[in-house]
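Each chain, letter by letter, is given below.
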Amino acid sequence: MNELISMGGYAPFIWSAYGFFFITIIILFITNFLRLKKREEVLNKINNNRD
Amino acid sequence: MFALLKRDLYLALYSSSSFFYTSSFFILVLIILPFLFGTNDVQLQVLFKGIIWIGLSLSILLTMERIFNADYEDGNLDIIIQRYPSLETIIISKFITHWIVYCLPLFIILPILSFLFYVSLDSFFLIFLNLFFGSLGMVFIVTFVSALTLGAKRTIFLKAVIVIPLFVPFLIFGTNLESWPILLALSMMSFVLSMYVSAYGLRLYVE
Amino acid sequence: MNLRLTNKQINIIEKANPFLIVSTIVAFTFGLYFSLLQSPPDYIQGDSMRIMYIHVPSAWFALMAYTILAGSSVLWFITRNPIFSIIARSIAQIGMIFTLISLVTGSIWGKPTWGVWWVWDARLTSMLLLFFLYLAYIFLWQSITNKDLASKISAALAIVGFVNIPIIKFSVDWWNTLHQPATISKLSSPSIDISMMVPLFIMTLATFLFLITVFFIRLRIEILDNKILRIREVK
């Protein structure tokens, strides 16, 4: 476990790189997902108003 | 076509102090150098070769909206296109005007500037040649980007983001004194590209 | 604007979402296991080589996304089918993010491996340029209000940019042979051993699945936008 965290001394590099990668893609996913949800909400509202 | 060119040049150079202003711009951009980097002559000679390109790029780039926009906004562009249905004529006329107003002053004062920055005579000729072909290519590029983005007002920095990557090939070879053939080739490629894309851009807006 | 997507195709895009998300997470889990735990550290580079497993897929997809963008723009010019304009717009943001990731992870990888955070060689400079090409493309879409006009201009610029990339790469390469004879080839990965192929392959697959997931979500956003617009027009 220790070896995993310290990564042979390169820990700050590896973890910052992997961290940046995953944080960025999660943000990318969430932003777009929320945008989609907002559109679906608008569509639902319009459809409900019609009926 | 010469009638159109005469008209464009007249309008652009109407305020006859245009030469003075553009020359001053180039001189002032270069004057910043000794202030920033000190007066070591060897260093200044090297920096001059690069900064002159920045001055040229800025001069071409920041004024790019003047190529077509004035006529477009007046509605004159429609009339000009009716008069000259071959768009290439219009594009070339605008290109020549832009070059004469915003590049030619540099070449006129280049001898003096090179003298101020300790540039040797043979280097001077090569620098002149490089700048000349580079300026042609860069103005072609700016012409077609301007034609594509005609309606957008006050978006000069966005256009700069588009144009500077397109300038990069010229800038890369610009400071290398043996690459004037490459710059000539690049500017011919931009010429061809610009003719097609500018015509496409103009047609988008005036139809 | 008629998207010319059949209902069946739209259905597939919608229904695929949960499957894609799950498979992305599974793939990344396996990928992380193999990248961080299962594969051995490099003989020379040590553990820092592991960054390659996220850097290389990001770089590949950054370039692939731009190819899709440019290709889609060309197809749009030829067929005028609005779906290509939408594909281009949807892939742009994804491509930009992957370019950013590849630049940052590459820089982080470079420091312990080659001692520098950055070097102006052909590949890196081209990647940086690619980032700005994406940026310009995205900004252009946002700044032009007439959407029809925006498609045409962005498509033209995407194609011009696509032509520009090899020119830049060639120019910087040429310049570097003149000025810096001994340039480090930054993306020359260590000789690929089978033990490194596996994590690389899995991470590439995972990144690809992620890309498809987000791409489909963005497509659905466009489809819904279109639907909402048409409903509002009818009113």
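Source: prediction; values computed, not measured.

A. Up close: the interface of chain C and chain A. Contacts between the two partners involve 44 residues from chain C and, on the opposite side, 27 residues from chain A. The tally of links between chain C and chain A comes to two salt bridges. Note that Asp225(C) is salt-bridged to Arg39(A), the shortest N-O span being 2.5 Å. One can count five residue pairs in polar contact (both at pLDDT 80 or more) joining chain C with chain A. Of all the secondary structure elements, the ones that give two or more residues to the side of chain C that touches chain A are helix H1 (7–38), helix H2 (52–79), helix H3 (82–114) and helix H6 (194–234) of chain C. In terms of residue count, the dominant contributor to the side of chain C that touches chain A is H6(C) (15 residues). Residues of the side of chain C that touches chain A, tallied by class, amount to 25 nonpolar, 10 polar and nine charged.

B. Seen up close, the interface of chain B and chain C. Every contact between the two is made by 21 residues of chain B and, on the other side, 23 residues of chain C. Summed over both partners, the interface of chain B with chain C buries about 1,900 Å², with 85% contributed by carbon and sulfur atoms. Summed over the shared surface of chain B and chain C, the result is zero salt bridges. Seen at the junction of chain B and chain C, the total is one residue pair in polar contact (both at pLDDT 80 or more). Breaking the side of chain B that touches chain C down by element, the ones donating at least two residues are helix H8 (121–148), helix H9 (156–174) and helix H10 (180–205) of chain B.

C. Expanded view of H1(C). With 32 residues, H1(C) ought to run about 46 Å at 1.5 Å a step, and its terminal C-alpha atoms sit 44 Å apart, in line with that. Every buried residue of H1(C) is accounted for by Ile10(C), Ile13(C), Ala16(C), Asn17(C), Leu20(C), Ser23(C), Thr24(C), Ala27(C), Phe28(C), Gly31(C), Ser35(C) and Leu36(C).

D. Summary view of the packing of aromatic side chains. Using the criterion set out here, one finds 32 aromatic pairs over all chains in the structure. Measuring from centroid to centroid gives 6.3 Å for Phe13(A) and Trp117(C), while their planes differ by 45°, and the two rings are tilted. A residue pair is termed interchain when its members come from two chains, as with Phe13(A) in helix H2 (residues 11–50) and Trp117(C) in the loop between H3 and helix H4 (122–143). For Trp117(C), a relative accessible area of 46% gives the class partly exposed. Ring pairing ties together the aromatic residues Trp99(B), Phe107(B), Phe124(B), Phe125(B), Phe128(B), Phe132(B), Phe133(B) and Trp180(B), which thus form one cluster. The cationic tip of Arg83(B) hangs over the ring face of Tyr84(B); the distance from NZ or CZ to the ring centre is 4.9 Å.

E. Here's a closer look at the packing of H8(B) against H9(B). Residue and element names in this part refer to chain B. For the pair H8 and H9, interaxial distance at closest approach is 10 Å and the crossing angle is 165°. As the angle between them shows, H8 and H9 are arranged roughly antiparallel. Along this stretch, H8 crosses H9, giving a crossing that reads as right-handed. When H8 is examined against H9, the residues Asn130, Gly134, Gly137, Met138, Ile141, Val142, Phe144 and Val145 are found in contact with a partner set consisting of Ile162, Val163, Leu166, Phe167, Phe170, Phe173 and Gly174. When its residues are assigned to classes, the contact of H8 with H9 shows 11 nonpolar, four polar and no charged.

F. Spotlight on the confidence of the model for chain C. Looking at chain C, pLDDT values average 84 and 91% of them are 70 or higher. In the predicted structure, residues 181–187 of chain C sits below a pLDDT of 50 and forms 14 contacts with residues beyond four places in sequence or in another chain.

G. Highlighting the packing of H2(C) against H6(C). Residues and elements named next belong to chain C. Where H2 contacts H6, the two axes come as close as 9 Å, and the packing angle between them is 45°. One element, H2, and the other, H6, form an angle in the oblique class. Read as a crossing pair, H2 and H6 show a hand that is right-handed. Between H2, through Met52, Tyr53, Ile54, Val56, Pro57, Trp60, Phe61 and Met64, and H6, the contact on the second element is made entirely by Ser195, Met196, Pro199, Leu200, Met203, Thr204, Thr207, Phe208 and Leu211. Tallied by class, the residues present in the contact of H2 with H6 amount to 14 nonpolar, three polar and no charged.

Criteria and thresholds
Residues numbered from 1 in each chain as written. Chains lettered and ligands numbered in written order. Predicted model: local features only at pLDDT ≥ 70, side-chain atom pairs only at ≥ 80, totals over all residues. Heavy atoms only, no water. Contact = heavy atoms within 4.5 Å. Salt bridge = Lys/Arg side-chain N within 4 Å of Asp/Glu carboxyl O. Polar contact = N/O pair within 3.5 Å; in protein donor to acceptor, adjacent residues only side chain to side chain. Helix = DSSP H or I, 4+ residues; strand = E, 2+ residues; numbered from the N terminus. Nonpolar A, V, L, I, M, F, W, Y, C, P; charged D, E, K, R; others polar. Buried area = accessible area lost by both parts, 1.4 Å probe. Expected span 1.5 Å × (residues − 1). Buried < 20%, exposed > 50% of the residue type's maximum accessible area, 1.4 Å probe, protein only. Phe/Tyr/Trp six-rings, centres within 6.5 Å; stacked < 30°, edge-to-face > 60°. Lys NZ or Arg CZ within 6 Å of the ring centre and 35° of its normal. Axes fitted to C-alpha atoms, helices over the stretch in contact; angles between N-to-C directions. Parallel < 35°, antiparallel > 145°, perpendicular 65-115°, else oblique. Left-handed = near helix turned anticlockwise from the far one by under 90°. pLDDT = per-residue confidence, 0-100.

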